[in-house]
Amino acid sequence: MKIFGTFVSACALSAAVAFGASAASLKVAYDADPVSLDPHEQLSGGTLQLSHMVYDPLVRWTQDLQFEARLATSWEQVDATTTRFNLRKGVKFHSGNEMTAADVKWTFDRLQSSPDFKGVFNAFESLTVVDDYTIDLKTKEPFPLVLHTVTYIFPMDSKFYSGMDSEGKDKGEIVKHGNSFASRNISGTGPYVVTEREQGVKMEFDRFAGYWDTASKGNVDHITLTPIKEAPTRVAALLSGDVDFAAPIPPTDLARVEADAATNLISMAGTRIITFQMNQNRNEALKNPKVRLAIDYAVNNAGIVDRIMKGFGTTAGQASPAGYLGHDASLAPRYDLDKANALMAEAGYADGFKISMMAPNNRYVNDAKIAQAVASMLSKINITVDLKTMPKAQYWPKFDERAADLMMIGWHSDTEDSANFHQFLSACPNADTGDGQYNSGNYCNAEADKLMAFANGETDAAKRAEALQKLEGILYAEAAFIPLHWQNLAWGVRKGVHAESIVNALNFPYFGDLVVD
Amino acid sequence: MFAYLVKRFFQAIAVMFVISLISFAIQDNLGDPLRELVGQSVSEDVRQQLRDELGLNDSFIKQYGRFAWNALHGDLGISYFFKEPALTVILKKLPATLELVFGATLIIIGLSIPLGVYTAIRPNSLATRVIMGLSIIGISIPVFLTAILMIFLFAVELRMLPSYGRGDLVHLFGYWSTNFGSWDGLKHIFMPSLALASIMLPLFIRLIRSEMMETLESEYVKYAYAKGIAPRRIWFVHALKNTLLPVITVGGVQIGTMVAYTILTETVFQWPGMGFMFLEAVNRVDTPLIVAYLIVVGFIFVVTNTIVDLIYGLVNPTINLARMS
């Protein structure tokens, strides 16, 4: 990281002058650190958390899931497939270069060539530079999620990333495995400059003295990010004052962090849905909607959230969480054992049957315990479950093989839109389009897919909402999958760290705006 | 002596060859590395293309052949996560682990010898009963529990010691930065070392005690008493020296085992050593790193055993290494 050397110390110096007495430093503990400094190498929460520190997006999500102008100051629809964005003027990269439309164009082209991100940008035709501070974003078809997708455009410093590195390789190259310039060097427009990084040990950030957002009240001028893998150690580090901000906080420690005189707990309903899928191709009985409904009626969502999750989740009857267009408040979670038994009898399975079930044991909060609870709940309607739980590294290959009748999967919509859930989890599996890539249940309903296709091409929000809610209604009526709950999010902070306003359901804390006493 | 070392060298190579073959054979059961390399919504086509680039679709023979050829040239592959040669990653993490093992060894030596000797010469005192009782508890509590209990006691409740990590380090040379150069570093290494030592300490106290009790019964000790030599000199010079041979044998093997126990200790304390790195590599299916770690640990075992054999000769000159070879 020598390349930062001089200009980092200059930044540190001016930051100290600019912030004076109110400046604060913050120690953050996450369960993992970002895999790379390259924002386009892996589409993951860690990468995006880093992007929000070192870069700025054109627009970003607010806490109530609205759009906030960042590097784009305004936007307008020019025609059915074109949106024009006006860019902020006078924005400097950490290298000192000024951000212009050319950087945005360069970033967009790079996103379209990234294996991880090109799927997100599938609907886009091109980005054209109108002038230094204006761009036109063109989609192939009318597309409702232009702004949703633009939250992924974090303009990169095209001059910094252009040319050849010392080994004669292109500095802008995206390398998924192995060394690259972009995975070790970083220059964005964001509030923080990376000053030191030892992968898996710690990252150091200094506030960028030339940060454009002078209206931001954020006063943290230095951040140390340490990954602490073990949850008890992470909580202990927070309680002992060794760190100021820790996430995630496991359900068992929520009460403790809340009760401690020195710490505060911030929690929020999340948007990651936890479900079980029922494989109709493996098990004949699961083809029958009555059997699927019976299973749904037999699973006590509220009991799982209450006992296993210690209240740290929101019971779900559908995939879309509240706040999403497709969320229909009338689709409540179902639990009624008598009805479940009656449905089993109606379907001709009063004596029950045997099924296999698989779940990971280190992927979602309390995943293995949830699977055990569901297995014992199903025994009440005479379904005998053969349950296997395993670490995620072994689970995903099994999931790809569709190796069990019931398989657990959690999903967070990359677009923060309802259609994404159906596209990956319950659409008719189609190897060509990639639809239903995670549909291990092989559920397939042509009408539902039609509604999704309509929603993906309709730009009128009201019409989309209607279609997406109708779609959720179909999945609910046919029990396409067993929704359990949306996992909550929790952050633990030292008292005096006012993080309530900078966290969000996407789990991208906006540290640039953090105020610390 | 020289012949002995040469023989050991070839043994080491054979051991590492077998380890590499085994670890290579099991890697398909560890999971799919692609899952950890790409996001959840990346299509199967793209995954397949990356698998081709990584050579994961080649046959076992081809993959192993490529690995063995590179390994002979000192290249154990590139870690998927760290994006650096696996051997470099391990060498960077090695000092942290060695210091932890060293710290634990100091604690073990510092406590087990006086406690072992004391419980041998005062077998019926109250203190002996307490020490032996505690050592039973120590041996039966798993290390991660000991570690977490210690963190909550010393870091959260008493706020005497830091809860995680290595703290301020003093750079020595190359990849080696030490905890033993500053007060902060010492504070950070104390708890992890103690946790690691807690597994082996009871064993050594008991071993020294039983060996010592046996020696104290021997004729030459009785003779020394009769001759009027000060008891202190008899215990610590005449008797202790003769109890050490089996202790060194066990110690050599156990130090190797301790490297394995660092996996748990380092994970709990977020200690950036190679044990923690290994567990993470397993979670991330970072197969090049897993294979390299197993080979390096195998090498460490061979080296420690060789050193133990050499020390034998120093402690007991009647053992002839040349004959052992």
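Source: prediction; values computed, not measured.

### Some points on the overall build of chain A
Logical step 1: Each helix and strand counted, chain A has 15 helices and 19 strands in total.
Logical step 2: Taking 2.2 N^0.38 as the reference for a compact globule, 517 residues should give roughly 24 Å; the C-alpha atoms of chain A span a radius of gyration of 24 Å, in line with that estimate.
Logical step 3: Dimensions along the principal axes, computed over C-alpha positions, put chain A at roughly 75 × 55 × 45 Å.
Logical step 4: Among the 517 residues that make up chain A, the fraction classed as buried is 61%.
Logical step 5: Considering only intrachain contacts with a sequence separation of at least 6, the fraction spanning at least 24 residues in chain A is 70%.
Logical step 6: Surface accessibility of chain A: about 19,000 Å² in total, with carbon and sulfur atoms responsible for 50%.

### What about the environment of G436(A)?
All names here are of chain A.
Logical step 1: Here G436 lies in the loop between α13 (418–426) and α14 (446–457).
Logical step 2: Each C-alpha atom of the pair G436 and D221 lies 45 Å from the other, and the pair is 215 residues apart in sequence.
Logical step 3: Dropping the residues within four chain positions of it, G436 is found in contact with R402, Q423, F424, A427, C428 and P429.

### Focus: the sheet that holds strand β7 (residues 134–139) of chain A
Residues and elements named next belong to chain A.
Logical step 1: Pairing is antiparallel across the open sheet formed by four strands, whose spatial order is β4-β5-β7-β6. Each edge of the sheet is formed by a strand with only one pairing partner; in this case those strands are β4 (72–79) and β6 (124–131). Adjacent strand axes in the sheet meet at a mean angle of 20 degrees, parallel and antiparallel pairs treated alike.
Logical step 2: Pairing geometry for β6 and β7, over six bridges, is antiparallel. Bridged to T128 within β7 is D136.

### Topic: the state of the cysteines
Residue and element names in this part refer to chain A.
Logical step 1: Considering all chains together, one arrives at one disulfide over all chains under this definition.
Logical step 2: What pairs with C428 in a disulfide is C444, and their sulfur atoms sit 2.0 Å apart. Between C428 and C444, the S-S dihedral sits near 90 degrees, and the bridge is therefore right-handed. On the criterion of sequence distance, the pair formed by C428 in the loop between α13 and α14 and C444 in the loop between α13 and α14 is long-range, its members being 16 residues apart.
Logical step 3: For C444, a relative accessible area of 48% gives the class partly exposed.

### Re the interface of chain A and chain B
Logical step 1: Taken together, the contact between chain A and chain B spans 46 residues of the former and 44 residues of the latter.
Logical step 2: Summed over both partners, the interface of chain A with chain B buries about 3,800 Å², with 52% contributed by carbon and sulfur atoms.
Logical step 3: Inspection of the region where chain A meets chain B yields three salt bridges.
Logical step 4: Salt-bridge contacts for E157(B) lead to R256(A); the nearest nitrogen and oxygen are separated by 3.3 Å.
Logical step 5: Remark: the boundary between chain A and chain B carries 13 residue pairs in polar contact (both at pLDDT 80 or more).

### Some words on the pairing of strand β16 (residues 406–411) of chain A
All names here are of chain A.
Logical step 1: The buried count for β16 comes to six of six residues, which makes it a mostly enclosed element.
Logical step 2: With burial as the criterion, each face of β16 is covered, one bearing L406, M408 and G410 and the other bearing M407, I409 and W411.
Logical step 3: Bridging between strand β12 (residues 263–278) and β16 involves six bridges; their strand directions are antiparallel. Bridge pairing in β16 places T275 opposite I409.
Logical step 4: Bridge analysis of strand β14 (residues 353–360) against β16 gives two bridges, and the strand direction is parallel. Each residue of the ladder has a partner; that of M358, found in β16, is M407.

### Remarks on the pattern of salt bridges
Logical step 1: Enumeration over the complete set of coordinates arrives at 26 salt bridges over all chains.
Logical step 2: With a shortest N-O distance of 2.8 Å, E41(A) and K83(B) are connected by a salt bridge. Separated into two different chains, E41(A) in the loop between β1 (24–30) and α2 (45–54) and K83(B) in the loop between α4 (60–72) and α5 (86–121) make up a pair that spans both.
Logical step 3: Using a relative accessible area of 3% as the deciding quantity, one classes E41(A) as buried.

### Here we look at the environment of S25(A)
All names here are of chain A.
Logical step 1: Counting through the fold element by element, S25 comes out in strand β1.
Logical step 2: Exposure remark for S25: the relative accessible area of 44% places this residue in the partly exposed category.
Logical step 3: Residues S25 and T224, spaced 199 residues apart in sequence, show a C-alpha to C-alpha distance of 8.0 Å.
Logical step 4: Beyond its immediate chain neighbours, meaning those up to four positions away, S25 contacts V220, D221, H222 and D244.

### Quick notes on the side chain of N439(A)
All names here are of chain A.
Logical step 1: Mapped onto the elements, N439 comes out in the loop between α13 and α14.
Logical step 2: A relative accessible area of 2% means that N439 is categorised as buried.
Logical step 3: Looking at N439, its side chain comes within polar contact range of the main-chain oxygen of Y443, at 2.8 Å.
Logical step 4: With near-sequence residues (within four places) excluded, N439 lies in contact with Q277, R402, F424, L425, S426, A427 and P429.

### Quick look at the domain arrangement of chain A
Residue and element names in this part refer to chain A.
Logical step 1: Partitioning chain A into domains gives domain 1 (59–150) and domain 2 (269–488).
Logical step 2: Spacing between the C-alpha centres of domain 1 and domain 2 amounts to 34 Å.
Logical step 3: Listed as interface residues are seven residues of domain 1 and, on the opposing side, 10 residues of domain 2.
Logical step 4: Both faces considered, domain 1 and domain 2 share a buried interface measuring about 780 Å² in area, 69% of it formed by carbon and sulfur atoms.
Logical step 5: When residues of domain 1 are sorted by the area they lose upon contact with domain 2, L65, P144 and L145 head the list and together hold 53% of the total.
Logical step 6: Our count for the domain 1 to domain 2 interface comes out at zero salt bridges.
Logical step 7: On inspection of domain 1 and its partner domain 2, the count reaches zero residue pairs in polar contact (both at pLDDT 80 or more).
Logical step 8: Grouping the constituent residues of the side of domain 1 that touches domain 2 by class yields six nonpolar, one polar and no charged.

### Comments concerning the packing of helix α6 (residues 231–239) of chain A against helix α7 (residues 143–157) of chain B
Logical step 1: With their axes 10 Å apart at the nearest point, α6(A) and α7(B) run at an angle of 5 degrees to one another. Classified by the interaxial angle, the pair formed by α6(A) and α7(B) is roughly parallel. Facing P232(A), T233(A), A236(A) and L239(A) of α6(A), the residues of α7(B) in contact are I148(B), I151(B), F152(B) and V156(B).

### Notes on unusual backbone geometry
Residue and element names in this part refer to chain A.
Logical step 1: Omega for the bond connecting A247 with P248 falls within 30 degrees of zero, at -5 degrees, which places this linkage in the cis form.
Logical step 2: Structurally, P248 can be placed in the loop between β11 (245–246) and α7 (254–259).
Logical step 3: Of note, the phi angle at K310 is positive, near 50 degrees, even though the residue is not glycine.
Logical step 4: Overall, K310 belongs to the exposed group, its relative accessible area being 51%.
Logical step 5: Of note in the backbone geometry, N507 takes a positive phi value of approximately 65 degrees without being a glycine.

### A short note on the pairing of strand β15 (residues 383–390) of chain A
Residues and elements named next belong to chain A.
Logical step 1: For β14 and β15, the ladder comprises eight bridges, and the chain directions are parallel. Among the inter-strand pairings, P360 is bridged to a residue of β15, identified as M390.
Logical step 2: A crossover links β14 with its parallel partner β15, the connecting element being helix α11 (residues 367–378), and its sense is right-handed.

### Topic: the confidence of the model for chain B
All names here are of chain B.
Logical step 1: Chain-level statistics for chain B give a pLDDT mean of 86 and a share of 96% at 70 or above.
Logical step 2: Mean pLDDT values for the elements of chain B range from 55 in helix α13 (residues 321–324) up to 93 in α5.
Logical step 3: This complex was scored by the predictor with a pTM of 0.86 and an ipTM of 0.83.

### Quick look at a nonpolar patch on the surface
Residues and elements named next belong to chain B.
Logical step 1: On the surface, L126, V130, L134, I137, I141, F144, L145, L149, Y261 and L264 cluster together into a nonpolar patch covering about 910 Å² of accessible area.
Logical step 2: Those elements that provide at least two residues to the nonpolar patch are α6 (126–140), α7 and α10 (231–269).
Logical step 3: At four residues, α6 tops the list of elements feeding residues into the nonpolar patch.
Logical step 4: Relative to the helices and strands, I141 resides in the loop between α6 and α7.

How each quantity is defined
Residues numbered from 1 in each chain as written. Chains lettered and ligands numbered in written order. Predicted model: local features only at pLDDT ≥ 70, side-chain atom pairs only at ≥ 80, totals over all residues. Heavy atoms only, no water. Helix = DSSP H or I, 4+ residues; strand = E, 2+ residues; numbered from the N terminus. Rg over C-alpha atoms; globule rule 2.2 N^0.38 Å. Buried < 20%, exposed > 50% of the residue type's maximum accessible area, 1.4 Å probe, protein only. Contact = heavy atoms within 4.5 Å. Areas by Shrake-Rupley, 256 points an atom, 1.4 Å probe, with all protein chains shown as cover. Pairing = 2+ DSSP bridges. Axes fitted to C-alpha atoms, helices over the stretch in contact; angles between N-to-C directions. Disulfide = S-S within 2.5 Å. Buried area = accessible area lost by both parts, 1.4 Å probe. Salt bridge = Lys/Arg side-chain N within 4 Å of Asp/Glu carboxyl O. Polar contact = N/O pair within 3.5 Å; in protein donor to acceptor, adjacent residues only side chain to side chain. Domains from an automatic or database assignment. Nonpolar A, V, L, I, M, F, W, Y, C, P; charged D, E, K, R; others polar. Parallel < 35°, antiparallel > 145°, perpendicular 65-115°, else oblique. Right-handed = clockwise from strand over helix to strand, strands pointing away. pLDDT = per-residue confidence, 0-100. Patch = residues over 30% accessible without salt bridge, like charges linked within 9 Å, V, L, I, M, F, W, Y side chains within 5 Å.

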